[in-house]
Amino acid sequence: MPSAGSTPITGSTSTTDGTLVSKRRKLTSVVWNDFDKIIEDGQDYAICKHCKGKLKADSKNGTKHLHVHIDRCMKRRNVDIRQQLLAIERKGHGKVQIGGFTFDQEMSREKLARAIILHEYPLSIVDHVGFRDFATSLQPLFKMVSRNTIKGDIMKIYEVEKDKMISYLEKLQSRVAITTDMWTSNQKKGYMAITVHYIDESWLLHHHIVRFVYVPPPHTKEVLSDVLMDFLLDWNMDRKVSTVTVDNCSSNDGMINILVEKLCLSDSLLLNGKIFHMRCAAHVLNLIVKEGLDVIEVEIEKIRENVAYWSATPSRMEKFEDAARQLRIPCNKKLSLDCKTRWNSTYLMLSIAITYKDVFPRLKQREKYYMVVPTEEEWNMAKEICGRLKLFYNIIELFSGRNYPTANTFFIKVCEIKEALYDWLICSNDVVKTMTSSMLQKFDKYWSGCHIMMTIAAIFDLRYKIKILEFYFPLMYGSEASNEIEKIRGMCYELLSEYQSKSNLGQKTSSYGTSSGSTLLELNYDEQDPLSKFDLFVIVPLEKTNGIKYPTLQMIVRDIYAIPVSTVASESAFSTGGRVVSKHHSRLHPDTLETLMCAQSWLWKEKEGDSSIHDSQPQLTMMDENDDLLVL
């Protein structure tokens, strides 16, 4: 071996019997890094170090043909110089050990299946030529599988995760709240998404999609109730469910009534089912806002047409911004056309257009095809409405986190809405009065169906207790406030009695330690309240430590605080339309779609560190090409 600092001799020359001979000339071409030169029967040959191929190496032939060989040599392409000295050992069952690294075909298949689930890649990705080339470049030993095989792998992951989820929920020492909402595919198929919500022993709020089930038409109350009841029985959740939060529609009302009748037979519902039905707050508030916007639809449509005209092309946008600069109006925000089914976009469209209201008449003087400009009265009306929609916009932004807002956070916001509506009723603007009257009717219908749960949750909030009702109920009920407060107080005592009689406290254990994750209340703090972070910090330690002294109350709080007031998260919170399955997912068989939707929810929780359920990852035995296939 050459000493340090010496230059290695490339292209050593030897005879076939291994004896060295002197070189006739120095091998200077870089191609000899990949060849050994030998003499055989008086003829010079170059032996490829990678594939052991033998090529003529006479000086008169040059080295061009050697370069061509190296460029085409498959063995050379797959060699990493750092691994040339690593021992390769085949282990069987698709495993190959290279030094300290062991390639596992089955594990790589599972990782590929998990990636497809997590990121919604199409199943056909395994057929894509580019993806296959990419996988080969990373690991040539990996044998790419077919589309049907990867579907089978995904199904096996789903079954394992489902068994773990069922087992965990059965052992859970608290009740679970349920939300359901309907999704529609572009093939007009209806799917019911069922999500469970609970608080674990570390006081962390969790939610998981557990079913995404195809519901055949017609979507009557009987059909919907059968789907949900089947889930409760199959997962052994019928005695653990606390509430069901649904959209506000007649079929859902009927479904809840049927479920209450069936579940009351087991005497498992809280307060005999009085708080079982929760109406989706986001859906109801959207309906309330829609009632108001319908009153001024003419004024809104006129502004919408103006915004659409000037945001239609880049050249028009440039003209608009130039006119704004001439009037010394800062162009901090661009005109934005709304989506009619998302009222927050209408609010944003109006609020931005109002700041440029002086630009529109100026542009009419220059643009001959621009004919209709909103009047001053119409702008004033838009400004009136925007000022009032801001309250709803800020409140529904409670839904803008990843997690669903829970019952204890929403009571005060609902009371703020009622107080604002009463103030709007005495406004001098007749249009605003008409709008408010329509909104109040929707509000009162919602309040009558959900106030019990929200008020109980607010009372168990140690910042408020019963005093919160003494402050807000006179606004909500007037002279009947005292009677309503006593009703709620009585229900709290009734709830306490139920937990004491049904719970075997000797078998219950609670964890009062802190967790590295976020507590549920840290997700709901109000940026407009400077003390809200302090409130949220105080309440959780108090409720954890008081559990030692008041274990029954702690169990109640744990169950009540897990109840969501909405069926949707941020992406749908402002929408008055339904949820729609993506175009890619719509093509899948309903069983395949459910597998992907549910498994994605579970695997992301695992990635986010939800170790309570996913404490281990067993190695899966993947199906081969000849096993049973998951059919589209």
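The structure contained in this document is the topic of the report that follows. These figures come from a predicted structure and were not determined experimentally.

**Quick word on the packing of aromatic side chains**
Considering all chains together, one arrives at 22 aromatic pairs under this definition. Seen in terms of ring centroids, Tyr158 and Trp602 are 5.5 Å apart; in terms of plane orientation they differ by 10 degrees. Their pairing is stacked. Linking Tyr158 in helix α5 (residues 147-171) with Trp602 in helix α21 (residues 590-607), this pair joins segments that are 444 residues apart in sequence. Ring geometry for Phe392 and Trp424: centres 6.2 Å apart, planes at 55 degrees, overall tilted. Here Phe392 is found in helix α13 (residues 376-396), whereas its partner Trp424 is found in helix α14 (residues 411-425), with 32 residues between them in sequence. Owing to a relative accessible area of 9%, Trp424 belongs among the buried residues under this scheme. Counting every residue linked through ring pairs, the aromatic cluster contains Tyr309, Trp310, Phe320, Tyr356, Phe360, Tyr370 and Trp379. One residue, Lys189, lies across the ring of Tyr214, its end atom 5.8 Å from the ring centre. Here Arg316 stacks its cationic end above the ring of Tyr309, 3.9 Å away from the centre of that ring.

**Notes on the nonpolar core**
Judged by nonpolar contacts, the single largest core of 96 residues is most densely connected at Phe411 and Ile456. Looking at this core element by element, the count peaks at 15 residues for helix α15 (residues 430-459). Look past the residues within four positions of Phe411 in its chain and what remains in contact with it is Trp447, Met454, Thr455, Ala458, Ile468, Leu469, Tyr472 and Phe473.

**Comments concerning the pattern of salt bridges**
Evaluation of the coordinates by the stated rule reveals 31 salt bridges. Of the charged contacts in the structure, one is a salt bridge between Glu384 and Arg388, with a shortest N-O distance of 2.6 Å. Residue Glu384 and its partner Arg388 are both found in helix α13; the two are separated by 4 residues, about one turn of the helix. Arg463 is the partner of Asp461 in a salt bridge, and the nearest nitrogen-oxygen pair spans 2.6 Å. What makes Asp461 buried here is its relative accessible area of 0%. By relative accessible area, which is 28% here, Arg463 ends up partly exposed. Several salt bridges converge on common partners, so that one network encompasses Glu110, Arg114, Glu161, Lys164 and Glu606.

Quick notes on the rules
Residues numbered from 1 in each chain as written. Predicted model: local features only at pLDDT ≥ 70, side-chain atom pairs only at ≥ 80, totals over all residues. Heavy atoms only, no water. Phe/Tyr/Trp six-rings, centres within 6.5 Å; stacked < 30°, edge-to-face > 60°. Helix = DSSP H or I, 4+ residues; strand = E, 2+ residues; numbered from the N terminus. Buried < 20%, exposed > 50% of the residue type's maximum accessible area, 1.4 Å probe, protein only. Lys NZ or Arg CZ within 6 Å of the ring centre and 35° of its normal. Core = buried A, V, L, I, M, F, W, Y, C linked by side-chain atoms within 4.5 Å. Contact = heavy atoms within 4.5 Å. Salt bridge = Lys/Arg side-chain N within 4 Å of Asp/Glu carboxyl O.

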